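Each chain, written out:
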Amino acid sequence: CLCFCRLQTRNLQPTDTPRTIRPFLFLSLDLSFPPSLSLLSISSAMEARGSLALPTLISLIFLLLSIYHGQCFYLPGVAPQDFQKGDLLNVKVNKLTSTKTQLPYSYYSVPHCRPKTIVDSRENLGEVLRGDRIENSPYEFKMREPQMCNIVCRLTLDAKIAKEFKEKIEDEYRVNMILDNLPLVVPIRRLDQGSPPVYQLGFHVGLKGQYTGSKDEKFFIHNHLTFTVKYHKDMQTDSARIVGFEVKPFSVKHEYEGQWNENTRLTTCDPHAKRTVSNSNSPQEVGDKQEIIFTYDVEFEESDVKWASRWDTYLLMSDDQIHWFSIVNSLMIVLFLSGMVAMIMLRTLYRDISKYNELETQEEAQEETGWKLVHGDVYRPPNNSELLCVYVGTGVQFFGMMLVTMIFAVLGFLSPSNRGGLMTAMLLLWVFMGLFAGYSSARLYKMFKGTEWKKIALRTAIMFPAIVSAIFFVLNVLIWGQKSSGAVPFGTMFALVILWFGISVPLVFVGSFVGFKKPAIEDPVKTNKIPRQIPEQAWYMNPIFSILIGGILPFGAVFIELFFILTSIWLNQFYYIFGFLFIVFIILIVTCAEITIVLCYFQLCSEDYLWWWRSYLTSGSSALYLFLYATFYFFTKLEITKPVSGILYFGYMLIGSYAFFVLTGTIGFYACFWFTRLIYSSVKID
C-alpha cells in the first residue's frame, strides 16, 4: 500500500488505507502471508512468466526487506489507533461556533465544567487561522464500557454567567468536541425513512422556548449529553477502532434528595434504577441563582463501517446531481466558446492570413483592413506596464498555488481528518510559488524593455500580500475586540511575516534574477515609432462594456460550485468534493482563455491595439460578479445581524474576490498573449 507507517506483516490490510488515500495506491497487496514464505517458492512460481521474472523477483526481494526492516511514517490524521476493552478514551473540546456571528470562541470562554488542568493541544498554522482551540475536557470514557448518568459538575449561576449563556444560546452557538480525531455530530433523521441521516457538526449550547400556557420566552441549556461511540471490531485481536462519534443533547432539570455531596444520587437520572433522561423531563432553565448539574451517558455500538471509511458519513453528498448539473452547464459554455474560437482560428484567421500573404502591390496593401493594420502597434508597451508585470507575476503565483493544492486535494493528501491542513498547504505553496512569480514578472518586464528588475521583483513580492495583510489586520483587530478565539495571536502573525519576508520575498528575487538573465522575448513584428490613431469604436466595443461582458461567462461556469464553497465556509459544513472542483477549475481556465481570445480578436479587427490591460481585465472582471454574488448570498442565505460579523464577511469576501481577479486576469492575459503571437507570426509583414 501507499503507507507511511511502520509496516507490520501480521495485520496490514489494503482496507486499512483511508478512502481519501485509497484511489491513489501505487501498490495494493494483502501482506498477511506467513513469515516462512521462501523466496525459492516465489522464484519457481515466477519462472513461467517469461523474461520479466528476474526483475520482478528483485523488486519483490526489496519489498520484503522494506516490510521487515522499513521505518516509515503515516500522513498526519490518517493513522488508525486500536483500543482494547477498558482503554481510556479522552474527549477533547474545540471552539464554539455560530453561523449567525461567524465569531468562534474557546470552549472555556463560557463557564462550562472544567478538568483539574486545562491542556492545549498543539495546533498547526491552518488550525490557528481557523480559530480552532483544542483542549482537554472532563468527559472521559472507557472503551466498550457503557456509562449512565455520570455527573460532570454542578454550577450555580449568577447574573453574569447566566447572561453569557443566554447570549450564546441567542446566537445559536454550537459546542464542538473531538474523539480519536473524529468531530462530534448530531444525527438528524430524514423524512424519508430509507435515507441515511444528515449529520450536523456539534450540538447547540441550548435552546429558546416557552412553557405551556406562557408567552414568555425562556432560555434552556443542554446539560445532559447522550454520547454514542461507534466502533469496528477486529475479530482476531479483539481490538476495536472508533468509526463514529454522535450525541443527543437534552435539557433536564436534575433533582436530588437531601444536601449535595460527592455521593449524591440524582432522582431524574439514576444508573442503579436504570432511569434515563428523555425529552419528557422538565428542561433546565438558565437564570440567576439557577442550579445546573451537567451529566452524560455513553453508549457503544458496533458498526460494520471500517476505519478507512469512517469519514464517508461526514462527507456524504446528497446533492451530487446539482454538481453534475453545474459541470454540464459549464461544459455547454465551454463548447459554445470553443466553437467561436474554432471558427475564428480555422475559418476567419485562415482566410485573413491567406489574403494578406497574397497581397503583392502597395495599393493592395493600403486597402487591407482588420487586425493586420495594427501590426506596427500591437506590441507597443502599455501604460503602467510595470504594474501589469506585477499583477501577471502575482497571478502566476496564485495559479501555481491553486493548481498544486487542487492536485494534492484530488489525490487525497489533504484529508479532512487533518484539520487546518488545506489552509496550511495553501499558505506554504503560496510562499514557494514566489519563485515563479518573480520569473514571469521579470520576463515580461524585460520584453517591455525594462531595466530595473529589482524594483519589479520588490513590487511583485510586496504588493498583493501587503494589500491582503492590511485588510486581514483590520479584520483581526475587530475580532480581537470581540475577544474571539478567531483572532490570530501575535506569535502566528510573526510566523506569517517570517514566511513572507524570510522565504517568499527572497524566492521572488531569485526568480526575477533568473528570468531577467534569460534573453528577452522577441516580438513577431516590429513596432512603429509613431503610434497609430485608433478609429472611433462601436458602442459594443467600448472598453468598459466589453470588459464587463467578458466576465459573465467565466463566472457562469463556476457560480453553482461557488454556492457550495460559500456554504462550507460560512455555514460550518464540510467541503471535500475536490474532484468536482478540479473539473470546474479546468473549465474556468478554458473559459477565461477562450472569452479573452474572442474579445481580443474583435478588438484587433476594430483596429484597437490597446489589448494588454484589456485582456487582463476582461476575464478578471468575473471577480466583480463573484463579489456581487457573495453580497446576494449574504442577504438571502445567512442570518448575520451583528455589524462586526457583516464587516468580517465582506472583508474576507473582498480578499477572495481580489485573489480571483488576479487569477482569472492572468489566465486571460496569457491566452491573449499566445493568440496575438500566433496570428502575427503567421503573416508576411513588409
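Residues numbered from 1 in each chain as written. Predicted model: local features only at pLDDT ≥ 70, side-chain atom pairs only at ≥ 80, totals over all residues. Heavy atoms only, no water.

Draft legend 1. Spatial organisation of the nonpolar core. Counting residues in each nonpolar core, the largest one holds 91 residues, and the members touching the most others are Leu604, Trp611, Trp612, Tyr616, Tyr649, Tyr658 and Tyr680. When residues are assigned to domains, this core turns out to be shared by domain 2 (382-522) and domain 3 (538-685), each giving three or more. Here Leu604 is in contact with Gly370, Trp371, Val374, Val378, Tyr609, Trp611, Thr676, Ile679 and Tyr680, once residues within four sequence places are set aside. Val93, Phe165, Leu225 and Trp311 belong to the second largest nonpolar core, which has 54 residues in total. (Core = buried A, V, L, I, M, F, W, Y, C linked by side-chain atoms within 4.5 Å. Buried < 20%, exposed > 50% of the residue type's maximum accessible area, 1.4 Å probe, protein only. Domains from an automatic or database assignment. Contact = heavy atoms within 4.5 Å.)

Draft legend 2. The arrangement of the packing of helix 14 (residues 578-605) against helix 17 (residues 643-680) in detail. At a minimum axis separation of 8 Å, helix 14 and helix 17 run at an interaxial angle of 50°. One way to sum up the angle between helix 14 and helix 17 is to call them oblique. The interaxial crossing formed by helix 14 with helix 17 has right-handed handedness. Of the residues in helix 17, those touching helix 14 at Phe585, Leu588, Ile589, Cys592, Ala593, Thr596, Ile597, Cys600, Tyr601 and Leu604 are Phe660, Leu663, Thr664, Ile667, Gly668, Ala671, Cys672, Trp674, Phe675, Thr676, Ile679 and Tyr680. For the contact of helix 14 with helix 17, the class distribution of residues is 18 nonpolar, four polar and no charged. (Axes fitted to C-alpha atoms, helices over the stretch in contact; angles between N-to-C directions. Helix = DSSP H or I, 4+ residues; strand = E, 2+ residues; numbered from the N terminus. Parallel < 35°, antiparallel > 145°, perpendicular 65-115°, else oblique. Left-handed = near helix turned anticlockwise from the far one by under 90°. Nonpolar A, V, L, I, M, F, W, Y, C, P; charged D, E, K, R; others polar.)

Draft legend 3. Region of interest: the state of the cysteines. All told, the structure shown has two disulfides when counted by the stated rule. Between the sulfur atoms of Cys113 and its disulfide mate Cys153 the distance is 1.7 Å. Its S-S torsion of about -65° marks the bond between Cys113 and Cys153 as left-handed, since a negative value means left-handed. Placement of Cys113 in the loop between strand 1 (88-97) and helix 3 (125-130) and of Cys153 in strand 3 (residues 147-156) is noted, with a sequence separation of 40 residues between them. (Disulfide = S-S within 2.5 Å.)

Draft legend 4. Expanded view of a nonpolar patch on the surface. A cluster of nonpolar side chains, Leu435, Phe436, Val510, Phe513 and Val514, forms an exposed patch at the surface whose accessible area comes to about 420 Å². For the nonpolar patch, the secondary-structure elements that each account for two or more residues are helix 9 (434-447) and helix 11 (490-517). In terms of residue count, the dominant contributor to the nonpolar patch is helix 11 (three residues). Its location among the elements puts Phe513 in helix 11. (Patch = residues over 30% accessible without salt bridge, like charges linked within 9 Å, V, L, I, M, F, W, Y side chains within 5 Å. Areas by Shrake-Rupley, 256 points an atom, 1.4 Å probe, with all protein chains shown as cover. Salt bridge = Lys/Arg side-chain N within 4 Å of Asp/Glu carboxyl O.)

By themselves, these figures tell us nothing about what the structure is for.
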